Amino acid sequence: MPAPSASPTKPPTGTTSSATTSPKGAPDAPNAPGGLRDRFGPVALVVAAGVSVQFGAALAVMIMPRAGAAGVVTLRLAAAALVLLAVCRPKVRGYTRADWGTVVAFGVAMAGMNGLFYQSIDRIPLGPAVTLEVLGPLALSVIASRRLVNLLWAGLALGGVVLLSGHGGGGLGFGSLDPLGAAFAVGAGAMWAAYIVFSARTGRRFPQADGLALAMAVAAVLSLPLGIAQSGSALLVPSTLALGLGVAVLSSVLPYTLELLALRRLPAPTFAILMSLEPAIAATAGFLVLHQAMSALDAVAIALVIAASMGAVRAQRG
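Note that the structure is a prediction, hence the values are computed from the model and not measured.

Cut-off values and rules
- Residues numbered from 1 in each chain as written.
- Predicted model: local features only at pLDDT ≥ 70, side-chain atom pairs only at ≥ 80, totals over all residues.
- Heavy atoms only, no water.
- Salt bridge = Lys/Arg side-chain N within 4 Å of Asp/Glu carboxyl O.
- Helix = DSSP H or I, 4+ residues; strand = E, 2+ residues; numbered from the N terminus.
- Buried < 20%, exposed > 50% of the residue type's maximum accessible area, 1.4 Å probe, protein only.
- Phe/Tyr/Trp six-rings, centres within 6.5 Å; stacked < 30°, edge-to-face > 60°.
- Axes fitted to C-alpha atoms, helices over the stretch in contact; angles between N-to-C directions.
- Parallel < 35°, antiparallel > 145°, perpendicular 65-115°, else oblique.
- Contact = heavy atoms within 4.5 Å.
- Nonpolar A, V, L, I, M, F, W, Y, C, P; charged D, E, K, R; others polar.

**Details of the pattern of salt bridges**
Any two side chains of opposite charge can pair if their charged atoms end up close together.
Part 1: Under the defined criterion, the tally for this structure stands at one salt bridge.
Part 2: We note a salt bridge from R205 to D99, for which the minimum N-O separation is 2.6 Å. Linking R205 in helix α6 (residues 179–205) with D99 in helix α2 (residues 97–121), this pair joins segments that are 106 residues apart in sequence. Here the two residues R205 and D99 agree in accessibility, since each one is buried.

The following block contains the structure:
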């Protein structure tokens, strides 16, 4: 990743060197820099973001018949952009061309990820869609990692993701899925990998959540024509607007902010492996909230994904 631009208002990268010890060689205190809080704090942010996304996805299902897939994406991104711009009030001066190029690329990735994913779940079940989508971050972790052990954790997570492919889809495998829906999910995964890369770069170039707010505005502008073309005046129904605001907060404002903060303290390959928790969170939420059946195979798959994520965190240095 490129180094952040020189600016007194921009925060440090948020990364630390390898864990330190006391003068006597004692291990770090739990709250010391490089200790347990620094190591597992970003993981808590990622898990909280995943839970928020799942509740937002459940709410989005209620809007889909009213506004269509493109309409839901437009409501989600536009409402999220308005909320973030109002809260952050980002500055637009003092940035280089490279800074703006990064934030625009972040917005394009965000729009593509959301648009393709909602087109996917309009055609195939949510579980297989999330499972196919998460292959993008897993591929990123393999490509970007320079440590052999991360390849092991990515492979273990991939095994769990493959086992979870049958959750809610009527059997193991993807053979019965709509090919276009599956293609949209894979495309969303590719955009998700780009989102991870440019979210990390944006977090290092812009203070606080300013870059996220600007990127969300870019994504909203890109999605607006498609949403209007598909849904038209249906987007202006008060009840639909209210549900759209709820989806925006749960699926965009909260998780994207939490992920941006986590990416300031986690390497992109480690973060990408942690994204494999998404299918596990979706399956667990379906079991606890929606009372969907969970087989022993699902439980094994979730255990593999969690083990891979924990291994990736333990392998992290700083």
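Back to the write-up after that little detour.
**Let's talk about the packing of aromatic side chains**
Part 1: Inspection of every chain in the model, using the stated rule, returns five aromatic pairs.
Part 2: Residues Y95 and F206 carry aromatic rings whose centres are separated by 4.4 Å and whose planes lie at 35° to one another, so their mutual orientation is tilted. In this pair, Y95 is assigned in the loop between α1 (36–88) and α2 and F206 in the loop between α6 and α7 (210–231), connecting sequence segments 111 residues apart. In this pair, the class of Y95 matches that of F206, namely buried.
Part 3: Among the aromatic residues, those joined into a ring-pair cluster are Y95, W100 and F206.

**With respect to the packing of α6 against helix α8 (residues 238–263)**
Part 1: Two elements in contact, α6 and α8, have axes separated by 9 Å at closest approach and are oriented at 70°. The orientation of α6 with respect to α8, classified from their angle, is roughly perpendicular. Facing Y195, I196, S199, A200, G203 and R204 of α6, the residues of α8 in contact are Y256, E259, L260 and L263.
Part 2: Tallied by class, residues from the contact of α6 with α8 come to six nonpolar, two polar and two charged.

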